[in-house]
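Structural features, examined
For reference, the chains in residue letters:
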Amino acid sequence: MRPLTEIGAAVIGSGFIGTVHIEALRRMGVHVHGVLGSSPERAAARADELGVSRGYASLADLLDDDRVEVVHVTSPNHLHHPQVREILYAGRHVVCEKPLAMSSEESGDLVRLATESGRVNAVNFNIRFYPLNQHAHEMVADGALGDVRLVTGRYFQDWLLLETDWNWRLEPDRGGALRAVGDIGSHWLDLLTFITGHRIVSVMADLATFIPTRRQPAGSVETFSTERATETVDRAIETEDTATILIRFENGARGTVAISQLSPGRKNSLQYEIDGSDAAAFWDSEQPDQLWIGHRERSNEILIRNPALMGAAGRGASALPAGHVEGFADTFRSLFRAIYADIGAGTPAERPTYPTFADGHDEMLVCDAIAASARDGRWTDVVREDFQ
Ligand SMILES: NC(=O)c1ccc[n+]([C@@H]2O[C@H](COP(=O)([O-])OP(=O)(O)OC[C@H]3O[C@@H](n4cnc5c(N)ncnc54)[C@H](O)[C@@H]3O)[C@@H](O)[C@H]2O)c1
């Protein structure tokens, strides 16, 4: 495998998450040659601020840079499909942010294109790469919980609580037809599919929009910004603030998840509990170095993340010794290390250890079923095509 220091990357988007991508790549030794922004001026300004040598004028300009072998796509959702298409046509490997696309037609198209291209394709479901989530995945696969029966949880945030809170995610033509589900629910759905090893086959969903009109600032707003604009325009909101979803998994397990972007005080709280026939596991993203393991016939345990006490997967995703808390930004390093192992080899492994476009597409198909179920008020099966 080639050394990571020989591999060049570029990043599209340098907002909240693009910055995290750049820092994780640098930590691994990958050279970030440049960034692309919403305009040549913004790209140049962000390149300066981030200490990156080039702000590209356009995607064509970026793809003309022969040093760039991998492109990270961290632009708003509506740009993922057209940008990833161009990147694949130009023969580059791609790491795309979630959700992979705006619709399952688009994400299916990207799966086909990526397969034909033979390039490494990954979706940034980084939450899988908290070390204890890798460990929980391995525990389930090894049978440590027994048969998975009940999967419950939530993903709550509060940054869209007020009618004055605004972000491009609120505009369906930039964020997608599902908002809370597409933005954060997608992480939970992917994570629990990954940890349990069982796909979601049917859903019953209830979506609610509690703030039907929001006040959009006249100027642009950064993600998670708390600034209040003085000049605003009233905008009707069509997408959901909250979702409550009943789930059936392919092994017969049942589940339920609540998703909300207006839960006061909850900044970024993803929780899950998996109840198996022998033991249970509970994890909370706001205490990411702790995994609760529940038993019936003996004392419950709290496993504090510890490379010496976890299996190979958890150990592999850990960068620091026990007691030195790892967090959100560290998951990018661990996920990218898995992806770049394949990039170093030049082609995707037969069974990639990271989320691929196929996983991103599967999550879009689950979202289709969620939208249809909420619209029709009934249980709805996930429809999967043959190529999956
Ligand atoms: N994995 C995660 O945990 C996670 C967290 C946050 C966001 N995301 C995803 O990352 C993406 C970006 O979200 P964000 O919160 O960083 O948003 P953001 O608004 O903070 O940043 C978006 C960036 O895209 C740039 N941009 C806009 N138009 C562009 C264009 N035409 N070409 C190139 N760049 C353009 C903007 O200048 C900005 O730098 C979204 O798809 C989102 O779902 C993922």
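Residues numbered from 1 in each chain as written. Predicted model: local features only at pLDDT ≥ 70, side-chain atom pairs only at ≥ 80, totals over all residues. Heavy atoms only, no water.

In this structure the tally under the stated criterion is five aromatic pairs. Consider the rings of Phe 16 and Phe 328, whose centres lie 6.3 Å apart with planes at 10°: the pair is stacked. Taken together, the positions of Phe 16 in helix α1 (residues 16-28) and Phe 328 in helix α10 (residues 328-345) put the pair 312 residues apart, joining distant regions of the chain. Among the residues examined, Phe 16 registers a relative accessible area of 38% and is labelled partly exposed. A residue is classified by how much of its surface remains accessible, and Phe 328, at 30% relative accessible area, is partly exposed. (Phe/Tyr/Trp six-rings, centres within 6.5 Å; stacked < 30°, edge-to-face > 60°. Helix = DSSP H or I, 4+ residues; strand = E, 2+ residues; numbered from the N terminus. Buried < 20%, exposed > 50% of the residue type's maximum accessible area, 1.4 Å probe, protein only.)

As a matter of local geometry, the ligand sits amid 28 residues, with Arg 42, Asn 77, Lys 98, Trp 168 and Arg 169 nearest to it. For the ligand, an oxygen atom lies 3.4 Å from a polar atom in the side chain of Ser 38. Contact with the protein chains hides 89% of the accessible area of the ligand, taken as 840 Å² for the molecule alone. Residue assignment for the shell around the ligand shows that the elements contributing at least two residues are α1, α4 (80-89) and α8 (180-196). Its residues assigned to classes, the shell around the ligand comprises nine nonpolar, 14 polar and five charged. (Near = heavy atom within 4 Å. Polar contact = N/O pair within 3.5 Å; in protein donor to acceptor, adjacent residues only side chain to side chain. Areas by Shrake-Rupley, 256 points an atom, 1.4 Å probe, with all protein chains shown as cover. Nonpolar A, V, L, I, M, F, W, Y, C, P; charged D, E, K, R; others polar.)

All chains considered together, the criterion is met by 25 salt bridges. Here Arg 46 makes a salt bridge to Glu 49, at a shortest N to O gap of 2.5 Å. Taken as a pair, Arg 46 and Glu 49 lie in helix α2 (residues 40-50) at a separation of three residues, close to a single helical turn. With its nearest N and O atoms 2.9 Å apart, the salt bridge here joins Arg 215 to Glu 163. Of the two residues, Arg 215 sits in strand β9 (residues 213-217) while Glu 163 sits in the loop between β7 (148-156) and α7 (172-175), which places them 52 residues apart along the sequence. In the salt-bridge network here, residues are joined through shared partners; they are Arg 54, Asp 61, Asp 65 and Arg 67. (Salt bridge = Lys/Arg side-chain N within 4 Å of Asp/Glu carboxyl O.)

By themselves, these observations are geometric and do not establish any function.
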